[in-house]
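Results of the structural survey
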Amino acid sequence: MDEPITFRLNGSFTEGQIPLHEDWQIEVDDQFQHGTGLILDGQGLSPDSQPFFMITAVLALLSIGYFISRVSSHFASKQARQGQQQNGDAFEEFEKGRGVIAQNGGISPFLWKVARVLGCGSLAGLSVPSFLRALTNEGTPFEQSTAEFLLLSNAWSLVLSFLSILTPSWHWTSRHTTIILFSELVVYGYRDVWPLATFTKQPLDAAEGWVLWAKIGALFLTALLVPICIPSVYRPVDPKHPAEKPHPEQTASVLSFNTYSYLSPTITLGNKLPHLMPDDMLPIADYDRAENLAKASLSTVDPAKLRKGRHIGLSLLRLFAFDYFVGVIAMTAHAIGQFAAPLAINRLLVLLESGQTAKTVVRPWFWILWLFFVPGLGSMGFQYYVMTMNHVAVRTESILTQLVFNYSLRVRVVSEGSEKDKDNKDTSSFIGKLNNLVTSDLSSIMQANHFVLLFWYLPLQLICSSVFLYLILGWSAFVGLGLMVALLPVPGYMTNMLQGVQAEKMKKTDIRTQTLTESIGVLRTIKLFGWEKKIQEKVDKRREEELELVWKWKLLLLLILLASHLIPTFTMVVTYAVATLIMKIELTASVIFSSMIVFGNLRDELGRANMILGSIVRGRVSLDRFNTFFKETDLLDSDELTESSSTLVQSPPAEDDGLYLRNASFTWSPDANGESTPSSSFKLTVLGELRFMEGKINLIVGPTGSGKTSLLMALLGEMHFTPSEPDSSFNLPRAGGVAFAVQESWVQNETIRENILFHSPYDEERYKKVLYQCGLEPDLELFEAGDATEVGERGLTLSGGQKARLTLARAIYSNAQIILLDDVLAALDVHTAKWVVNKCLKGDLVNGRTILLVTHNIALARPVTDYIVTVSSAGVVTGHGQDLSEAIQAEPTLQAEYEKDELAIAEDDSLIDDLAEKEKKASGKLIVAEEVQQGNISWKALKILFKGLGGHHVVLFFTLWIGGQALENLMTSFNLWFLGYWSSQYETHHRQDVAVVKYLGIYIGLTFIFLAINVSKDIWFTLGGQRASKTIHKLLTETILGATLRWLDETPMSRVITRLTQDIQSLDSTLVMFLDGVVSLTFVVFISLISAVLFVPIFALPGVLIAGFGIFIGSRYLKAQLSVKRELSNAKSPMLSHFSAAIAGLVSIRAYGAQDIFKIESRRRIDYYTRISRLNYDLNRWIGIRIDSLGAIFTASLAAYLTYASTASAANVGFSLNRAVEFTVTILNVVRVFNVFQVEANSMERIAAYLEIEQEQKPTESGKPPASWPTSGDIRVENLTARYSKAGPAVLHELSFNIRAGERIGVVGRTGSGKSTLTLALLRGIITEGTVYFDGLATNKINLDALRSNITIIPQSPELLSGTLRYNLDPFDEYDDATLNAALKSSGLYASQGDSEEGRLNLDSTIASGGTNVSAGQRQIIALARAIVRSTKLLILDEATSAIDHETDEIIQNTLRRELGSDVTVLTIAHRLQTIMDADRIMVLDTGNIVDFASPKELLAKEKGFFKALVDESGDKDRFYEVAEKKGNSSTA
C-alpha cells in the first residue's frame, strides 16, 4: 500500500514516449499525495483527466437513451398524431407542408446545419486513426476504451446532426449534439491548449501532431461556431395566431442576439433617412403584445387578490421571477468580468517587477488575451442583464397600464365627492391620480427594477473584492472592509430619510399636477375672466412647495453619493495604512494598481447601489400608490371583486326581466350621513314598485337638482343600492342592449361619423335617417369635410347643441333596445327640440324601443309620452302613468314650467340657434399633429436650459462648474500617480528606508482636497438645477396661460399636461443629472487617455483612433436613437389621450357595454408604444457591446506593448494600464450618458417648442387703464372685423354700433351669423380689426387682463373647479362670506333648492372637478352668482339659459333685472324670445353683418323686418307685441 504510484504507472509509457522532465516521478508522487492531480506524458492520462472523457461518453449514452425513448414515443402515438394532423391548427399544417430548407428556418440555418454535419463527419474521421492505433495494442487498455468512446461519441454526434436536418421539429437533437461536442472541446482545451499558456506544462496529446489541431479546429467549428451562429427558428407564442413578420430578435442567432447585430439594419436605415418613422422600425414581438401579456399575467396580477390585500409589488416579482433569475446569472458573469482587469494587471506587473518570472507560471500573452476576452464576456453578461430588465420594465408598463385602465372602467366616477376624499384634503382628484399613476408613478416603477444589482451583485462584489484584496494585502484588507461594513448603515439611514422626502414630494407633485390639470381643463374660462396672473401665482406657489422638497431630496441624494464615495476611499486609506505601518507590506506597483481598480470598482458600485436604492425607494412609494388605488378606490356595486377570483359580484337575481325599481334607495356613497357634500348626502328613494313601460317613451320630470339624472344612474348601477324592504330590487335588462345619451355630452376625439357609429357596423340608410331625424344635416353642411370633420378634444369644434344631438344620434343609431336620454333637449333651441321630438322620437327608429327621457320641457315631450315619472325635490320617485295633471299636482313647481313650455313651443323661434362659429377646415382635421424634432438636440433648447442653470450669471456659473469638473479629474489622476510614485520607492530603497507616514499623510491630504472640490462643484451645480427647474416651469406655465384661444382649440390638453408633468419631472431630476454626467465623464475620458499614454507617447495615436472610432459608432447610434426616442415621446400621448377620454366617458361606455372595445383600442395603443419602447432600450445594448469591445482592444494592445516593447517602470506601467482601464470603461459611459442626455433633452425641446407658441398680447405699463375705469358699461364699436386665424376668412364684417351704459341688448341670428364670434371679439379672444371702445377707452390699447377682468361672460356650459362652492365663487379669497351668500341668494340658488335641508348647496359644499356632482342648471346658477360677485360693468350671457327649467330661468331673469346696477350693460344670446323681448334693443346678425339694431318696438314696426317676421310666426305674438310696446313706452318716458 505504501508503494509510490509511479511504480504502478511506470508501464504506461509506450515506446518513444518521454516524460516532460526527468523528475516526473517525484512530481507525480508529490502531487498525488497532496491531491492536486497527475501530469503524465503526451498521451498518458491523469486520474483528473479520466472523468473529462467519461463525461463525453456518458452524455453520448444519455443522448442515445433519449433518442430511443423519443422514437418509441413516436411510434406508440402515431395514430393519435395522425388524428391531430387532420384536426391540427393552420400553423402546424403550414409547417409540415414546407420543404426541408423552409422547415429548417430558411437557407441560412440550413447551411449552418450542413456545416455542422461536415464538421462532425471530419471529426469522426479524425477519430479513426487513434481508434485503430489503440486496437493494435499501441496503447493502454484505458486509452483503447477512451478512443472507442470518442469515436462512438463523434459518430453519434454525426447521426444527431443529420437528424437535426431531417427532423427539425426534434429540437433536442441540436442541443444534444452541442453538449457532447462542447464537452469534448473542453477536455481538449484543458489537456492541450491550456499548457501552452504556462511556463511549466506542454500539451498532453502532442504526439498526435496535426491531427490533434485538426480535431480541435473541427470541434471549434461544430461545438462553438455553429451553435452561436445558426439563426433561431421563429416559434410563435400562440401557434394559431403567428406574427406576420416576427421580430428579428426571435430569429437571431446566439451571437447576433448577444451582440445585438440584428439591430444593425435599423441603425443603418436610421442614418440614411432624415428621421426614422415608426413604420421603418422593428415589429413588436408577439410575447410583448398587450393581449398576450394580459393573459400571461392574469393569474398572478389578479385585481381581486390586490383588492383583498396582496401587494402589487409581490405579484410583479412572482410574475417575472424567472427573468430576475436570469438577471442573477448574467450579473454573476459580469462580476467575473469585473475582476479580469485587476487580476491581469497584478500578474503582468509581478512579471515586470525586477524580472520576477518565478512568481507566476502563466505566460504574459495569456493575461493580455484575458484582458481582451474576459471583460468582453462580462460586458455581454451586463448587457444581457440590462436587456432582460428593460424587457421586464416594458412588460410591466404594459401590464400595469392595462390593469389601471381595466380597473378604472369599474370605478364609481362621482366617488371623488364622497366623505372619504373630503377627509383627505391633500389628495388630488381621481383624474389627477390616474394621470400620475400612468405617467410619473409608472416611470418610477420602471426605474426601480434593478434590485438584482443591489441585493445580489453588490454582495457578490464585496465578497470577491474581499478575497482578492486578502490575497494581495493580507488581513489588512479585512480591517478596511470591516470599516466599510460599519459605515454602510450611514447611507442606509439617509436613504430612509430620502424615502420619506420622496413620499412628501410626490404628494406636492400631485397637488401641483392637479392644480395644473384643472387649470388647463378650464383654461378658456381662465382666459375669458382675465385670471391668468392669479392662476400663475397659485401655480407658482404650488411649485415653490414642491421645489422645497425637491431641494431636500437632491441634498440627501448628494450626501448619499458623497458617503458612497467617502466610504471606499477611507477603506482604501485605512487598508494601506495598516498594511504598511503594521504588517510592513511593501506597496509595490502590482499591489497598488490592482487593488486601486478593485477599490475603484467598489466605490462605483456603492455609488450606483445608492442611486439604485433611491430608484427603488421611489418605485416602492409608487407601488404603494398603485396598491392604494387598487385597494381603496370605490367600485360600482356590480363590479366589486370577490376574494377568490376576479369575477364580478353579481347583484341579486331579478324576479323578472322587466325594467323596474321596487322599494329601493340609492346613494352616491355607501354610508350617506347627510353631510354637506351634495353628491354624498343625496338619497334617491323609490317607494313601492315603479315599472316603466317597455317599448314606449317614459318621461322623467322634476325640479332642477331633484335627482332625475340620478334615477338613470341608479338604473345603470352607478349608485349604491340600499334595500329598504325584503323584496327590494331593481332591474335594467341588458340583453337587448342599452344606449345612453348623457346630459354633459361626451364625444370622442374622432370624426362625426365615427362618434355616431360608435363601433357599430355602418348602415348607410340607417345612418342617413339618423342624421335627418336628429337635425344634423344642416350642421354637416357648415363643415366642408361634412361628417369626416374631427370634433376635437372634448368636442371643441361643436356647439353645445350640436354635441347634444351627436350624442342623441349615437344612441338612436345603436341597436340597443333600451335608450336612456338625459335632458338631451336642454341644449337645443325650441325649433330644433321640436324637430327632434317630431322627427326622431316619433320616428320609425324608436318604434318598439324603451326610452327613458329626462327633460324640463314637459309640454314639448307630452305628445310622445306614454308614461310619466316625477322626482321630487327630496329625491322621491313616483310613477303617474299617462296622467300629466296628476304629475303636475304631485310636484307643483312643474305647473309654471309646463305653462311656459307651451308658450315657448308656440313661439317656435327657428331664428335663434346655438352654433358657435368655427373656422371651416376642408380636411376635417382640427388637432394639429405633434411635431417631431429631427437630428441632434437643438441649440435653442440647450440655450434655454443653460440660461435656466446660470440665471443672470451664466458665464460665472459655467466657468466655476466646468473648472471644478476639470480640477476634480486632474486630482484623481494625480492621486493615482502619487501612489505609483510611492510604490516605486520600494524598487530603489529598502522597506525600512521608505517614509511610509510621510507618503500616507500626503496621500490623505490630496484625498481631502479632491473631496472638497467634488462637494463644492456638486452643490454649485445643484443650486443651478433648482434655479432652472423654477424658471423654466414658470416660463412654460406663463406661455401656456398666455396662449391664444385658437391654439387651445388645436392642441389636445393631454399634450399640454404632458409638458407640465412628465417633461418637467425630467427637468427636475434626470435631465440635469445626465448633463452633469456628460461633462464629468468627458473630462474623465480625455484626462484618462492623456494619462494612459503619458509614459508611452507612441500609443497616443492608437488611443485617438480608438476614441475616434468609438465616436463614429456612437454618432451612428445616436442618429437612430434620437428618432426612436422622439417617436417614443409622441407615442405616449395617444395612449394617455385615449385613457383620459375613456375616463371622461365612463358612464356612457359602461351604459353601452363598450368596455371590451375600449380595452382593445387601449391595447392597440399600448402595443404601438411598447414596440417603440423596446427598440429604444435595445439600441442602448447595441452601442454598449461595441464600445466595450473597442475599450478591451485598446487595453489589451496597450498591455501587450507595455509588456513586450516598453522599458517603462512597473509603477508607470501600472499607472498607464489603470488609466487605460478607466478610459475603456468611461468611453462607453460617455456615449451612453450622452445618449440618455440627448434623449432626456427631448423633454427640453418639447418645452422649448411650447415657449414659442402663438401668444396673446402681454401686459404693459402703458396698457394699464385708470384705477377708476370703467365707470360705466358704455360700448362703442367702429368697423369691427373678426377672424379666427390670420389666414382664415372674416367672420364679422366691419360692424359699427353703440351701446349705452346700462342697456340690455339681445343678440339673435341664424346659425353661423356671428353671435358667439361677437362675444369673443369684444373680449379680444380672436383676431380683430377696427376699434372697440369700452367706457371711452379703446380696448386694443388696454391690457387683456384688465379688459377681461372687467367683463363677465356666462358661457353655455359653465366650467367649475374642484373644491368648495366658496372657491368657485371666489377662487382668490377676495370677498367675505356675506357677499358670497348674498350672491347665491340673488342668483336664485337657494330658491331653486326648495325647503329641504338634505343635499342643499352652501359655501362649504364640495364641487367635483368639472362640476359633475351638481346639475347643469345648478352649474349655470353658480356661474351667474360668480358674475354677481365680480360686479363688472359688462355682462355677456352666451346661451346661458338653455339647460335649466323655466322656474330657474325666471329666477335668473329677475336677478338680472333686479340685482345688476343701472350702469351695467347686458348682452344676451338666448334661445327664447321672451328672454329678450323686454331688452332695450335687439341686434339681428346675419352672415357677420348687422341686419337690424333697434328697440323691439321699432323692429316690430318694420313691415318686412327680419325680427318682425320671427315674432309674427310665434304663437304668443300678442303678448310679445304688448311687452315690446310697454318697454318702448317706458323708454320714451
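Refer to the structure above for everything that follows.
Let me begin by describing the structure that accompanies this report. Keep in mind the model is a prediction, meaning the values are calculated, not measured.

Tracing the backbone shows A788 in the loop between helix 31 (777-782) and helix 32 (800-813). It is 8.4 Å that separates the C-alpha atoms of A788 and E754, two residues lying 34 residues apart in sequence.

Given a rise of 1.5 Å per residue, 23 residues ought to cover 33 Å, and the 31 Å separating the end C-alpha atoms of helix 21 (residues 451-473) matches this to within 8%. For helix 21, the principal kink sits at Y457 and spans about 35 degrees; a proline, P459, occurs within the next four residues. Just downstream of helix 21 lies G474, where phi reads positive at about 70 degrees.

This part is about the packing of helix 37 (residues 939-950) against helix 38 (residues 954-988). At a minimum axis distance of 8 Å, the contact between helix 37 and helix 38 shows a crossing angle of 85 degrees. Between helix 37 and helix 38, the angle falls in the class roughly perpendicular. In contact with F946, K947, L949 and G950 of helix 37, helix 38 contributes V954, F957 and F958. For the contact of helix 37 with helix 38, the class distribution of residues is five nonpolar, one polar and one charged.

Let us now look at the sheet that holds strand 13 (residues 1304-1309). Strand order in the open sheet made by the six strands is 16-19-20-13-21-22, with mixed pairing throughout. Looking at which strands have only one partner, the edges of the open sheet turn out to be strand 16 (1351-1354) and strand 22 (1489-1494). Between one strand axis and the next, the sheet turns through 15 degrees on average, direction left out of account. Bridge analysis of strand 21 (residues 1481-1486) against strand 22 gives five bridges, and the strand direction is antiparallel. Looking at the pairing, L1485 lines up with I1490 of strand 22. On top of the sheet, helix 46 (residues 1315-1322) reaches strand 13, strand 16, strand 19 (1434-1438), strand 20 (1465-1469) and strand 21; it is set at about 150 degrees to strand 20, its chief contact. The strands that helix 51 (residues 1416-1430) touches are strand 16 and strand 19; relative to strand 16, the one it contacts most, it runs at about 175 degrees.

Looking now at the pattern of salt bridges. Applying the stated criterion across every chain yields a total of 46 salt bridges. The salt bridge partner of E249 is R1174, with a shortest N-O separation of 2.6 Å. Taken as a pair, E249 in the loop between helix 10 (210-229) and helix 11 (254-259) and R1174 in helix 44 (residues 1155-1204) lie far apart in primary sequence, 925 residues in all. Taken as a pair, E249 and R1174 share a single burial class, namely buried. As a salt-bridge pair, E689 and R662 come within 2.6 Å of each other at their nearest N and O atoms. Here R662 lies in strand 1 (residues 660-667) and E689 lies in strand 2 (residues 683-691), a separation of 27 residues in the sequence. Owing to a relative accessible area of 42%, E689 belongs among the partly exposed residues under this scheme. Of the residues examined, R662 reaches a relative accessible area of 8% and is grouped as buried. Bridged by salt links that share partners, the residues E249, D288, R395, R1174 and D1178 form one connected network.

The subject of this paragraph is the packing of aromatic side chains. Both the distance between ring centres and the angle between the ring planes are used here to describe each pair of aromatic rings. Within this structure, the stated rule accounts for 47 aromatic pairs. Between F366 and W370 the ring centres are 5.9 Å apart and the planes differ by 40 degrees, which places this aromatic pair in the tilted class. With F366 and W370 both in helix 18 (residues 364-408) and four residues apart, this pair spans about one turn of that helix. Centroid distance W982 to Y999: 6.1 Å. Interplanar angle 25 degrees. Geometry classified as stacked. You can see W982 sitting in helix 38 and its partner Y999 sitting in helix 39 (residues 996-1041), a full 17 residues away along the chain. Classification of W982 by relative accessible area gives buried; the value is 0%. For Y999, a relative accessible area of 8% corresponds to the buried category.

What counts, and at which threshold
Residues numbered from 1 in each chain as written. Predicted model: local features only at pLDDT ≥ 70, side-chain atom pairs only at ≥ 80, totals over all residues. Heavy atoms only, no water. Helix = DSSP H or I, 4+ residues; strand = E, 2+ residues; numbered from the N terminus. Expected span 1.5 Å × (residues − 1). Bend = angle between axes of the 7 residues up to and from the residue. Axes fitted to C-alpha atoms, helices over the stretch in contact; angles between N-to-C directions. Parallel < 35°, antiparallel > 145°, perpendicular 65-115°, else oblique. Contact = heavy atoms within 4.5 Å. Nonpolar A, V, L, I, M, F, W, Y, C, P; charged D, E, K, R; others polar. Pairing = 2+ DSSP bridges. Salt bridge = Lys/Arg side-chain N within 4 Å of Asp/Glu carboxyl O. Buried < 20%, exposed > 50% of the residue type's maximum accessible area, 1.4 Å probe, protein only. Phe/Tyr/Trp six-rings, centres within 6.5 Å; stacked < 30°, edge-to-face > 60°.

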